[in-house]
Amino acid sequence: ALFWFLPGASPAAVLGTNKLASIAGTTVAVVRFATRVRIHWGAALPAAGAAFVLSFIGARTVSVIPPGVIKPLVLALLVAVAVFTWLRKDFGRVHAPRREGIKGKLLAAGLGGAIGFYDGFFGPGTGTFLLFLFIRFFGWDFLRAAAATKVVNWATNFAALMYFGYSGAILFAVALPMAVFNI
C-alpha cells in the first residue's frame, strides 16, 4: 500500500517509513506478550540475534536490488500460507514443544536469520512466516509461537530501522501517524 500511496518515494524510504510504524506496534506487543505468555527465550533470543544481524544486511541489500522483483513471490507465499491454514484447521492448536537444547537454538538462529534477511529486504508476511515456522519446527501452539515471533520481529524491525534511519530513508510525516495507529 505504501508503494502505491508514495509513488515518488524511493523503495528504501517506503520500507524505512514502514519499519518505524511497525516497531511501535511490535514493541507494545512484545511487552504485552511477555507479561501474559511464557515466551520460549531459549529459541526466541538466538532467532532474534540472527534476525537482527541479517535484517540489517537485508535492509542494506534493498538499496541495491529493486523490491519489485520479489513482490509476486511474496503474494504467492501469503496465498500458500492462507490455503495451508484453511486446510489444516488444527495447526497450532496443540502445544507439544520439541527441539530443545543446542540443536533447537541453532535451528532457531537459522530460521531467525533467514526471516531477518527477508524482513530487512522486503518485509510483508514476516510475522506470519515466522509464526508458521515456529509452530512447524518447534511444536508450539499459536499463542506461544506468536509471542516468540514478536520478539524476533522486534529485532528485525530495529535493525532495519537503524539502517534506514542512518541513511535518512524515513518519511517521518507519514511514519509517525502510522506508528501511533499501529500501537
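Residues numbered from 1 in each chain as written. Predicted model: local features only at pLDDT ≥ 70, side-chain atom pairs only at ≥ 80, totals over all residues. Heavy atoms only, no water.

**Here's the deal with the overall build of the chain**
Consideration 1: When helices and strands are tallied, the chain shows eight helices and zero strands.
Consideration 2: Along the chain, from the amino end to the carboxyl end, the secondary structure elements read α-α-α-α-α-α-α-α.
Consideration 3: Out of the 183 residues belonging to the chain, those deemed buried represent 45%.
Consideration 4: Long-range pairs, those at least 24 residues apart, make up 85% of the contacts in the chain with a sequence separation of at least 6.
Consideration 5: Counting every atom, the chain has about 9400 Å² of accessible surface; 72% of that belongs to carbon and sulfur. (Helix = DSSP H or I, 4+ residues; strand = E, 2+ residues; numbered from the N terminus. Buried < 20%, exposed > 50% of the residue type's maximum accessible area, 1.4 Å probe, protein only. Contact = heavy atoms within 4.5 Å. Areas by Shrake-Rupley, 256 points an atom, 1.4 Å probe, with all protein chains shown as cover.)

**Considerations on the layout of surface pockets**
Consideration 1: Roughly 520 Å³ of internal volume is contained in the largest pocket.
Consideration 2: Along the wall of the largest pocket there are 28 residues; nearest its centre are Asn-18, Phe-122, Gly-123, Pro-124 and Gly-125.
Consideration 3: For the lining of the largest pocket, the elements supplying multiple residues, two or more each, are helix H1 (2–5), helix H2 (11–36), helix H4 (71–87), helix H6 (126–138), helix H7 (142–166) and helix H8 (172–182).
Consideration 4: Take the lining of the largest pocket: its biggest share by element is six residues, from H2. (1 Å grid on protein atoms, 1.4 Å probe; cavity = no way out; pocket = protein on both sides within 12 Å on 5 of 7 lines; lining within 4 Å. Points joined across faces, edges and corners; volume = space filled by probe spheres on them.)

**Looking at the packing of helix H5 (residues 101–121) against H6**
Consideration 1: Following both chains from N to C, one finds H5 and H6 inclined at 165°, their axes separated by 10 Å at the closest point. On the basis of the axis angle, H5 is roughly antiparallel to H6. Our pair here, H5 against H6, has a crossing hand that is right-handed. On H6, the residues that touch Gly-104, Leu-107, Ala-108, Leu-111, Ile-115, Tyr-118 and Asp-119 of H5 are Thr-126, Phe-129, Leu-130, Leu-133, Phe-137 and Phe-138.
Consideration 2: Class assignment for the residues of the contact of H5 with H6 results in ten nonpolar, two polar and one charged. (Axes fitted to C-alpha atoms, helices over the stretch in contact; angles between N-to-C directions. Parallel < 35°, antiparallel > 145°, perpendicular 65-115°, else oblique. Left-handed = near helix turned anticlockwise from the far one by under 90°. Nonpolar A, V, L, I, M, F, W, Y, C, P; charged D, E, K, R; others polar.)

**Here's the deal with the packing of aromatic side chains**
To describe a pair of aromatic rings, one takes the distance between the centres and the angle between the planes.
Consideration 1: If you walk through the whole model with that rule in mind, you get ten aromatic pairs.
Consideration 2: Centroid distance Trp-4 to Phe-5: 4.8 Å. Interplanar angle 70°. Geometry classified as edge-to-face.
Consideration 3: Looking at Trp-4, the relative accessible area reads 66%, which means it is exposed.
Consideration 4: Residue classification places Phe-5 among the exposed residues on the basis of a relative accessible area of 59%. (Phe/Tyr/Trp six-rings, centres within 6.5 Å; stacked < 30°, edge-to-face > 60°.)

**A short note on the pattern of salt bridges**
Consideration 1: In the structure shown here, the tally under the stated rule is two salt bridges.
Consideration 2: Residue Asp-119 pairs with Lys-19 through a salt bridge whose shortest N-O separation is 2.6 Å. Remark: Lys-19 occurs in helix H2 and Asp-119 occurs in helix H5; sequence separation between them is 100 residues.
Consideration 3: Using a relative accessible area of 3% as the deciding quantity, one classes Asp-119 as buried.
Consideration 4: A relative accessible area of 3% means that Lys-19 is categorised as buried.
Consideration 5: Notably, a salt bridge pairs Arg-144 with Asp-141, separated by 2.5 Å at the nearest N-O pair.
Consideration 6: A relative accessible area of 26% means that Arg-144 is categorised as partly exposed. (Salt bridge = Lys/Arg side-chain N within 4 Å of Asp/Glu carboxyl O.)

**Digging into the packing of H6 against H7**
Consideration 1: Two elements in contact, H6 and H7, have axes whose closest approach is 9 Å; the angle formed by their N-to-C orientations is 130°. When the interaxial angle is binned, H6 and H7 end up oblique. Between H6 and H7 the crossing geometry is right-handed. Here Thr-126, Gly-127, Leu-130, Leu-131, Phe-134 and Ile-135 of H6 come into contact with H7, specifically with Phe-142, Ala-145, Ala-146, Ala-148, Thr-149, Val-152 and Asn-153.

**Considerations on the nonpolar core**
Consideration 1: Judged by nonpolar contacts, the single largest core of 43 residues is most densely connected at Phe-134, Phe-138, Trp-140, Val-152 and Phe-164.
Consideration 2: Sort the elements by how many residues they give to this core and H7 lands first, with eleven residues.
Consideration 3: Those residues in contact with Phe-164 that sit more than four places away from it in its chain are Ala-12, Leu-15, Gly-16, Lys-19, Ala-59, Val-62, Gly-120, Ala-169 and Ile-170. (Core = buried A, V, L, I, M, F, W, Y, C linked by side-chain atoms within 4.5 Å.)

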